[in-house]
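# Structural overview
For reference, the chains in residue letters:
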Amino acid sequence: MGSLFELKSDSLGTYLRARHEHGDVVRIVAGPPGLRAELYCVFSAEGAQQVLASESANFRKDNPFYQEIRDSFGNGLLTSQDEDYLRQRRLVQPLFTRRRVDGYAGAVAAETKAVVAAWEQAPDGVLDVSDQMMHLALRAVARILFGTDVEATVDVVDRCFPVITDYVLRRGYSPANVPRSWPTPANRRAAAAMDELYAVCDKIIGERRTAPGAGTADGSGDGPGEDLLTLLAAAKSSDDGEFDVSELRDQVLIFLLAGHETTATSLAFALHLLARHPEEQDRAREEITRVLGDRTPEAADLDRLPYLTQVLKETMRLYPAAPVIGRNAVAATEIDGHAIPAGANVILAPWVTHRHPLHWPDPDRFNPERFTPEAEAGRPRYAWFPFGGGPRACIGQHFSMLESVIALAVILRAYEFEAVDTEIPVSAGITLRPNGPARCRVRRLDG
């Protein structure tokens, strides 16, 4: 069975041990004869750059895991390839300019304030920050996507996404699957969840196409405040045309998937790390208070809160939302002196590279000082890559940082955190997921 059971029980720990015991390129064999998989794991910063950037055309999203995501969440920016991807990227890129994204700062602040206001009712002042940040991130991305239709989508997404993502994980990592059309209990549950999710998206898309501009993300009514669905529906060019209804749904579903679970992971672990490190928490809060006073944070504050940004970057080093990235090699090549055959399943693991002792002394220690401008300049580009890299780098990188900084600024100014659960076990799903509660005791600071 090779390393099958080790990968199933603790894939992240298995990859860490592989690098520690065998080096920066390791072949892992898993599964029984006839269904055996070979994984070529690349852990060096230079190897990650080769796969994602300098030789990115040779490494495609052709593995079974990405196909399961396509079959469940559509062929959007995360999963599309070749001309489909290039066309989608050209149509979507103008919607993610810094100016456009900065226009959503008010929506993020408003949703964060609403979530924080409810914490006064927490029993004994104890909260699971993982659950709370998942709720916040979902509301924020739904509001930015759907504007005034946010309430119609949050409950459906909250109910359907866990069913679909668990289904994708089981099928994506299984050596063999029955067809989705077979009426097994798992297939039927997933199909029902997908039908419900697709229906609410199609309803809102249909309404928006007949009344463009009806929804706004921040109540401003025009300009940067227009919700993303309105802008997606209006996106067109003479060369690329426009999105049809099914393409719009694919983009919406991918943005929901990639836009809320990833940010929720970063926010939850940032709060939990600060709860375990009170000196760093106090330093971040002092910066927030000094820069903001009593006013609501806005987009321009992103550059005025460098230490808070360092806290987030260090959080994403220790807990990258995408801890493992898979690709398929089109042609044979060489990485770090090792032969990679054509057709190989290539695994990059930010979880491991972000702990590589060559670039990260005492790698398991939380230390935001690693991300001062001087420290960052002294490391290879791909020693830290929570947003991927190369031509397929995450289009929402600025939005994620903006949302996270603003949310943390609002939260830390209002509450002090003390960790209840000191260690949080994690596993690699579609995104990094905690395997238990991440509870903190919270104390309101402004009375």
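Refer to the preceding data block for the structure.
The shown structure was predicted, so the numbers you read here are calculated from the model rather than taken from an experiment.

## Comments concerning the environment of Asp24
You can see Asp24 is positioned in the loop between α1 (4-22) and β1 (25-30). Classification of Asp24 as partly exposed rests on a relative accessible area of 26%. Leave out the neighbours within four places in its chain, and Asp24 touches Arg19, Cys41, Val42, Phe43, Ser44, Asp336 and His356. At 2.9 Å, the side chain of Asp24 and the side chain of His356 are in polar contact.

## So, the sheet that holds strand β7 (residues 325-329)
Within the open sheet, the 5 strands sit side by side as β1-β2-β10-β7-β3. Their pairing is mixed. This sheet does not close on itself; its edge strands, each paired only once, are β1 and β3 (59-60). Here 2 bridges tie β3 to β7, and the two strands are oriented antiparallel to one another. Of the residues in β7, the one forming a bridge with Arg60 is Asn328. Strands β2 (37-42), β3, β7 and β10 (345-348) of the sheet are contacted by helix α2 (residues 45-54), whose axis makes an angle of about 125 degrees with β10.

## As for the nonpolar core
Within the largest apolar cluster, 144 residues are counted, with the highest numbers of intra-cluster contacts made by Tyr15, Phe73, Trp119, Phe146, Leu308 and Phe417. A total of 15 residues in this core trace back to one element, the largest contributor, which is helix α11 (residues 245-276). If we ignore the near neighbours within four places in the chain, the residues touching Tyr15 are Leu7, Ile28, Leu39, Cys41, Phe43, Val324, Ile347 and Val352.

## With respect to the pairing of β1
Examined bridge by bridge, β1 and β2 share 6 bridges and lie antiparallel to one another. If you follow Val29 over to β2, its bridge partner there is Glu38. As consecutive antiparallel partners, β1 and β2 are separated by 6 residues, and within that stretch Gly31 has a phi angle of approximately 110 degrees, a positive value.

## Quick word on the pattern of salt bridges
Tallying each qualifying case throughout the model produces 30 salt bridges. For Arg276, the salt bridge is made with Glu423, and the minimal N-O distance between the two is 3.8 Å. In this pair, Arg276 sits in helix α11 while Glu423 sits in the loop between β11 (415-419) and β12 (426-428), placing the two residues 147 residues apart along the sequence. When its relative accessible area of 28% is taken as the criterion, Arg276 is described as partly exposed.

## Digging into the packing of helix α12 (residues 278-292) against helix α16 (residues 397-414)
The interhelical angle for the contact between α12 and α16, taken along N-to-C directions, is 105 degrees, at an axis separation of 9 Å. On the basis of their axis angle, the class for α12 and α16 is roughly perpendicular. For the pair α12 and α16, contact is made by Gln281, Ala284, Arg285, Ile288 and Leu292 and by Leu408, Ala409, Leu412 and Arg413, respectively. Here the contact of α12 with α16 is built from residues that sort into 6 nonpolar, 1 polar and 2 charged.

## Section: the packing of aromatic side chains
Two aromatic rings are characterised by how far apart their centres lie and by the angle between their planes. In this structure the tally under the stated criterion is 10 aromatic pairs. With a centroid separation of 5.2 Å and an interplanar angle of 55 degrees, the aromatic rings of Phe73 and Phe161 are classed as tilted. Taken together, the residues Phe73 in helix α3 (residues 64-73) and Phe161 in helix α8 (residues 150-172) connect sequence positions 88 residues apart. Here the aromatic rings of Tyr382 and Phe385 are separated by 6.1 Å at their centres, their planes lie at 50 degrees, and the arrangement is tilted. Judged on exposure class, the residue Tyr382 and its partner Phe385 are both buried.

## Looking at the environment of Leu445
Within the fold, Leu445 resides in the segment after β14 (439-444). Overall, the relative accessible area of 33% leaves Leu445 in the partly exposed class. Sequence separation between Leu445 and Leu412 is 33 residues, and the spatial gap between their C-alpha atoms is 9.0 Å.

## Brief notes about the side chain of Thr263
Tracing the backbone shows Thr263 in helix α11. Taking the relative accessible area as the measure of exposure, Thr263 reaches 1% and is therefore buried. Other than its neighbours up to four places away in sequence, Thr263 contacts Ala137, Ser400, Glu403 and Ser404.

## Looking at the sheet that holds β14
An order of β4-β14-β11 is seen for the 3 strands of this open sheet, with the pairing classed as antiparallel. Since the sheet does not close on itself, it has two edges, and those belong to β4 (126-128) and β11, each with one partner. Mean inter-strand twist for the sheet, computed between neighbouring axes without regard to direction, equals 40 degrees. Note: β11 against β14, 5 bridges, orientation antiparallel. Residue pairing across strands places Phe417 opposite Val442, the latter belonging to β14. Here helix α7 (residues 129-146) sits on the sheet in contact with β4, β11 and β14, set at roughly 60 degrees to β4. Helix-sheet contacts for α16 involve β11 and β14, and the interaxial angle to β11 is about 90 degrees.

How each quantity is defined
Along every chain, residues carry numbers that run from 1 in the direction the sequence is written. Owing to the predicted nature of the model, reporting of local features is limited to residues with pLDDT of at least 70; listing and counting of side-chain atom pairs is limited to 80 or more, with chain, interface and lining totals taken over all residues. Calculation of side-chain values draws on the structure's entire complement of heavy atoms; hydrogens and water are dropped beforehand. The way it works is that DSSP assigns letters per residue, a run of H or I at least four long becomes a helix, a run of E at least two long becomes a strand, and they are numbered from the N terminus. The classification of residues rests on relative accessible area computed with a 1.4 Å probe and restricted to protein chains. Under 20% of the type maximum is buried, over 50% is exposed, and intermediate values are partly exposed. It only takes one pair of heavy atoms within 4.5 Å for two residues to be counted as in contact. N or O atoms within 3.5 Å of each other form a polar contact, as long as, within protein, one can give a hydrogen and the other can take it, and as long as residues adjacent in sequence are counted only when both atoms are side-chain atoms. Pairs of strands are assigned from DSSP output, requiring at least two bridges between the strands. In this description, a line fitted to the C-alpha atoms serves as the axis of each element, helices being fitted only across the stretch in contact, and the angle between N-to-C directions of two axes falls anywhere from 0 to 180 degrees. Working definition of a nonpolar core: buried Ala, Val, Leu, Ile, Met, Phe, Trp, Tyr and Cys residues. They are joined through side-chain atoms within 4.5 Å. Throughout this description, the term salt bridge denotes a Lys or Arg side-chain nitrogen within 4 Å of a carboxyl oxygen of Asp or Glu. Our angle categories are set so that under 35 degrees counts as roughly parallel, over 145 as roughly antiparallel, 65 to 115 as roughly perpendicular, and the remainder as oblique. Gly is placed with the polar residues, together with every amino acid not listed as nonpolar (Ala, Val, Leu, Ile, Met, Phe, Trp, Tyr, Cys and Pro) or charged (Asp, Glu, Lys and Arg). Note on ring pairs: Phe, Tyr and Trp rings are taken, using the six-membered ring of Trp, and paired if centres are within 6.5 Å. Classes follow the plane angle, with under 30 degrees stacked, over 60 edge-to-face and the rest tilted.

Everything listed is a geometric property; what it means functionally is a separate question.
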